[in-house]
Amino acid sequence: MKKNLVALLLVLAVVSVGLFAADITKTFNLATTVQGVNKMKITAAEFTGTPGQFDAAEEATTHTVNTYGNQQSPEADSLKAWLSTISNNRAGYTVKMTAAPLKSVVGGQATAYIDYTVTVNGLSIETQGSETTNPAFQNVITVANLAGIAKQSHQLSIVVDQTTFEAAVAGSYTGTVTFEYTAN
């Protein structure tokens, strides 16, 4: 009986040690949300900064045309404008450019036009007379996907047509180059 009692106590001791000797694993998780960055502006200089500096980059909004020809030349008061973008959109983005001719509107008179060609990132649009352009738009930046933050800065080039500039009637002329940013 003593042997049975000792054997029973040994079995209980082994079983109870097995019940209380479990491995314990705990985890601690980390989480964050990265906000999307989808920004574009026409900057007065090539943008090479960080995302935090983009909003403070000086903007270019107007160039005064004083003569025909290449507006980057010293005679034309040198155009200083860059199409600058910054993005972290995984699916990428596209920037489309359109242009409207320089035109002067005076009540009771025919609208007058000065043609020009605008080029960005190797792609051009040429204005022709009224509201038509050739081609009507260009995708000047196309990014299929991104693995991290990316920035681009492409200088605008504008060449004003000599024939229509020299034949222009007196008046104030305005034209617009428009860029449209679309996140994919």
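Note: the structure precedes this text.
Bear in mind that the values here come from a model prediction, so they are computed numbers and not experimental data.

Engineer: Just to check I follow, could you spell out the overall build of the protein chain for this structure?
Structural biologist: Within the protein chain, the secondary structure is distributed over three helices and 12 strands. Out of the 184 residues belonging to the protein chain, those deemed buried represent 30%. Considering only contacts in the protein chain between residues 6 or more positions apart, those separated by 24 or more positions represent 70%. Of the roughly 12,000 Å² that the protein chain leaves accessible, carbon and sulfur atoms contribute 55%.

Engineer: Quick question: what am I supposed to make of the packing of aromatic side chains here?
Structural biologist: In this description, a pair of aromatic rings is defined by centroid distance and the angle of the planes. For the coordinates displayed, the defined rule picks out three aromatic pairs. For the pair Tyr-68 and Phe-165, a centre-to-centre distance of 6.3 Å together with 65° between the ring planes defines the contact as edge-to-face. Placement of Tyr-68 in the loop between helix H2 (51-54) and strand S2 (69-70) and of Phe-165 in helix H3 (residues 162-166) is noted, with a sequence separation of 97 residues between them. Judged by its relative accessible area of 24%, Phe-165 is partly exposed. The ring of Phe-54 has Lys-41 sitting right over it, with the charged end atom 5.6 Å from the ring centre. The lysine or arginine in question, Lys-96, covers the ring of Phe-137, its NZ or CZ lying 5.1 Å from the ring centre.

Engineer: Whenever I open this one, the pattern of salt bridges confuses me. Can you help?
Structural biologist: Should the charged atoms of two oppositely charged side chains come close, the side chains can pair. Scanning the model with the defined rule gives one salt bridge in all. A salt bridge links Asp-55 to Lys-39, with the shortest nitrogen-to-oxygen separation between them at 3.0 Å. Pair noted here: Asp-55 is in the loop between H2 and S2 and Lys-39 is in strand S1 (residues 38-43), with a separation of 16 residues, a long-range link. A residue is classified by how much of its surface remains accessible, and Asp-55, at 53% relative accessible area, is exposed. Overall, the relative accessible area of 29% leaves Lys-39 in the partly exposed class.

Engineer: I would appreciate a short explanation of the pairing of strand S4 (residues 93-104) in the present structure.
Structural biologist: Walk down a regular strand and you will see the side chains alternate between the two sheet faces. Here S4 pairs with strand S9 (residues 138-143) via five bridges, running antiparallel. The residue bridging Thr-94 from the neighbouring strand is Thr-142, located in S9. Pairing analysis gives nine bridges linking S4 to strand S12 (residues 174-183), with the strands arranged antiparallel. When the bridges of S12 are listed, Ala-100 appears paired with Thr-176. Where S4 lies against strand S5 (residues 112-114), three bridges are found, and the strand directions are antiparallel. Bridge pairing in S5 places Lys-103 opposite Tyr-113.

What counts, and at which threshold
- Residues numbered from 1 in each chain as written.
- Predicted model: local features only at pLDDT ≥ 70, side-chain atom pairs only at ≥ 80, totals over all residues.
- Heavy atoms only, no water.
- Helix = DSSP H or I, 4+ residues; strand = E, 2+ residues; numbered from the N terminus.
- Buried < 20%, exposed > 50% of the residue type's maximum accessible area, 1.4 Å probe, protein only.
- Contact = heavy atoms within 4.5 Å.
- Areas by Shrake-Rupley, 256 points an atom, 1.4 Å probe, with all protein chains shown as cover.
- Phe/Tyr/Trp six-rings, centres within 6.5 Å; stacked < 30°, edge-to-face > 60°.
- Lys NZ or Arg CZ within 6 Å of the ring centre and 35° of its normal.
- Salt bridge = Lys/Arg side-chain N within 4 Å of Asp/Glu carboxyl O.
- Pairing = 2+ DSSP bridges.

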